[in-house]
Amino acid sequence: MHRLLFRHFNTMSSPWKEAATLVLAAKAPNASRPGTLIPFDYKLLMLKRSSRSGFMPSANVFPGGVLDPADESSEWVKLFESAGVGVEELKKFSDIPGPRPLAFRTRPRQKVSGSEVALPREVAFRICAIRETYEESGILLGRRFIRQSHGPKSEVTNSGKFYKNSGLKIADHCGLDWSVLAQWQSKVDSNANTFLTMCQEFSIVPDVWALREWFNWLTPTAGVKPGKGADHKLAPRRYDALFFLCCIDDLLDVSHCQREMVKAEWVSPVDALLDHQAHLIYLPPPQVFTCSGLCNHPSIEHLQRFSVTREQHGMERWLPVLVPCSDGVAELWPGDDRYPAEPDLYGVSDSETDSVVTLKEFREGCASLNRLELFSPQDSKIVSNVASYGHLGLYQGELRTPLLNKL
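Note that residues are indexed from 1 along each chain, following the sequence as it is written. With pLDDT at 70 or above as the cut-off, local features in this predicted model cover only qualifying residues; side-chain atom pairs require 80 or more to be listed or tallied, and sums for whole chains, interfaces and linings still use all residues. Side-chain measures here rest on the full set of heavy atoms in the structure, leaving out hydrogens and waters.

### Topic: the packing of aromatic side chains
Quick reminder of the rule: Paired rings are identified among Phe, Tyr and Trp, the last through its six-membered ring, by centres lying within 6.5 Å, and are further divided according to the angle between planes into stacked (under 30 degrees), edge-to-face (over 60) and tilted (the rest). A run of H or I in DSSP becomes a helix once it reaches four residues, and a run of E becomes a strand once it reaches two; helices and strands are each numbered from the N terminus. Relative accessibility thresholds used throughout: buried, under 20% of the residue-type maximum; exposed, over 50%; partly exposed, between the two (1.4 Å probe, protein chains only). Only when the NZ of Lys or the CZ of Arg is both within 6 Å of the ring centre and within 35 degrees of the ring normal is a charge said to sit over the ring.
Under the criterion given, the structure shown has 17 aromatic pairs. Between the aromatic rings of W214 and F306, the centroid separation amounts to 6.1 Å while the plane-to-plane angle is 75 degrees, which identifies the pairing as edge-to-face. You can see W214 sitting in strand β9 (residues 212-218) and its partner F306 sitting in helix α9 (residues 300-310), a full 92 residues away along the chain. With relative accessibility at 5%, the residue W214 sits in the buried group. Judged by relative accessible area, F306 falls into the buried class, the value being 11%. Where F215 meets W217, the ring centres are 5.8 Å apart and the plane angle is 70 degrees; that geometry is what we call edge-to-face. According to the relative accessible area criterion, W217 is buried, its value standing at 5%. Grouping aromatic residues by their ring pairs yields a cluster made of F215, W217, F243, F289, W318 and W333. The ring of W184 carries K187 above its face, with NZ or CZ at 4.3 Å from the centroid. In this arrangement the basic side chain of R338 is found over the ring face of F362, its NZ or CZ atom lying 4.8 Å from the centre.

See below:
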């Protein structure tokens, strides 16, 4: 009975925070380093977290953060309407077919009263991803609109192209001067509400149309205690993170947030994986998963087209399940034969003891495999023959020439 009560109260209080992450890809000819086997023509924006961070310290991650009540404000609806984009147009983000993340169906925390119109959660999470990217990197993904007054009326001259353009996003910082961007970046970092104020002042709407849904990742429960199996870096904080993908037409200068980050850089997916394998950086599992999947898409033009069609397959929340083995930890993903039919969302199951089987033995007898095998945080191996939600699967081949592999 106590376990049922625990599960009930955790459901009510939500033991995780909702968040949004942006995988930002920028066109960059000859992006891969010499000697790599995958010739990318784009790089990803990656930020290195501070060693003092309470979540994933010193990890290299994509920009993102917790959904703030300001991201759900009905004032955003008014701003979009000022740009000639009505709420019915914004509701089209809810029409994407296929499975939908539970986070989109959760009741907004921002109360709406009177004649106010609620902002669709699909839009709120996109605004969150754009705001966090601006806070952490100084990159502003928005579109300015121009009012032309005619007596008592005003006309927005460029709203039509907002949601009809499906090509690469033009990387222009909305035409704002770098000093202006830096000043407002500091304000937004201090108070999320300031992002709306900034957009109102400069007649900008967040470019929610440039973001494509990619996947939904829920931080696993701490099912493997420190010292069990591999010394796996498990975070006590949990996030239900919605990942979005955005492709832009050029590399932008980056000004990383000094409070949270120590470094920002543009790097190709294959080079990020190689640096992780060489212990030069640490990529958490969601970043390993993403970069491995992107190795199937070395062309940014192809990636942009693929992201449009993939989005129509929908996505659902993924909860990795951690299983200790004698020589490491198996992180199971949905679709794996050993993935539980009803995964423990809240970590209330009895703790498992160390398994006597190795990671290789734990793999035997499985026809469908979808897992990350961790011998240490940076010594891991993807084992997967499963693809879902329109993705092409995870690349598991060589990343560089055989000669370099011997070095």
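### Re the pattern of salt bridges
Convention followed: Salt bridges are counted wherever a side-chain nitrogen of Lys or Arg sits within 4 Å of a carboxyl oxygen of Asp or Glu.
For the structure shown, the criterion picks out 21 salt bridges. Notably, a salt bridge pairs E75 with K78, separated by 3.0 Å at the nearest N-O pair. Of this pair, E75 and K78 both sit in helix α2 (residues 75-82), separated by 3 residues, roughly a single helical turn. For the salt bridge of R363 with E373, the shortest nitrogen-to-oxygen distance reads 2.9 Å. In this pair, R363 sits in helix α10 (residues 359-363) while E373 sits in strand β15 (residues 370-376), placing the two residues 10 residues apart along the sequence.

### Notes on the pairing of strand β1 (residues 17-27)
Rules: Strand pairing follows a simple DSSP-based rule, namely that at least 2 bridges must link the two strands.
Extensive coverage of β1 is indicated by the burial of 9 of its 11 residues. In terms of strand pairing, β1 meets strand β10 (residues 239-248) through 10 bridges, oriented parallel. Its bridge partner being in β10, L24 is matched across the sheet by C246. Pairing geometry for β1 and strand β2 (residues 42-49), over 3 bridges, is antiparallel. Bridge pairing in β2 places A26 opposite K43.

### What to know about α2
Under the convention used in this document: Within this analysis, the arc is defined by the directions that extend from the helix axis to the C-beta atoms. Any pair of residues with heavy atoms lying within 4.5 Å of one another is described as a contacting pair.
Taken as a whole, α2 has its buried residues at W76, V77, L79 and F80. Down the axis of α2, the buried side of the element spans an arc of 160 degrees, and every buried residue falls inside it. For α2, the elements touching its buried residues are α3 (87-90), α4 (121-137), α6 (193-201) and β8 (204-206). Just beyond α2, the residue with positive phi is G84, at close to 85 degrees.

### Some thoughts on empty space enclosed by the protein
Which entries qualify depends on this criterion: Only protein atoms enter the 1 Å grid used here, on which a cavity is any set of points holding a 1.4 Å probe that cannot leave and a pocket is any open set flanked by protein within 12 Å on both sides along at least five of seven lines; residues with an atom within 4 Å of a point are listed as lining. Grid points are joined across faces, edges and corners, and a volume is the space filled by probe spheres set on the points.
Summed over the entire model, instances satisfying the criterion amount to 3 cavities of 30 Å³ or more. Size it by volume and the largest cavity reaches roughly 220 Å³. As for the largest cavity, its lining consists of 23 residues, of which F289, S388, H391, G393 and L394 are closest to the centre. Sorting the residues of the lining of the largest cavity by element identifies β9 and α8 (285-294) as the ones contributing at least two each.

### What to know about unusual backbone geometry
In this structure, S203 takes a positive phi of about 55 degrees despite not being glycine. Note that S203 resides in the loop between α6 and β8. Residues other than glycine seldom take positive phi values, yet H279 does so here, at roughly 65 degrees. For H279, the location among the structural elements is in the loop between α7 (269-277) and α8.

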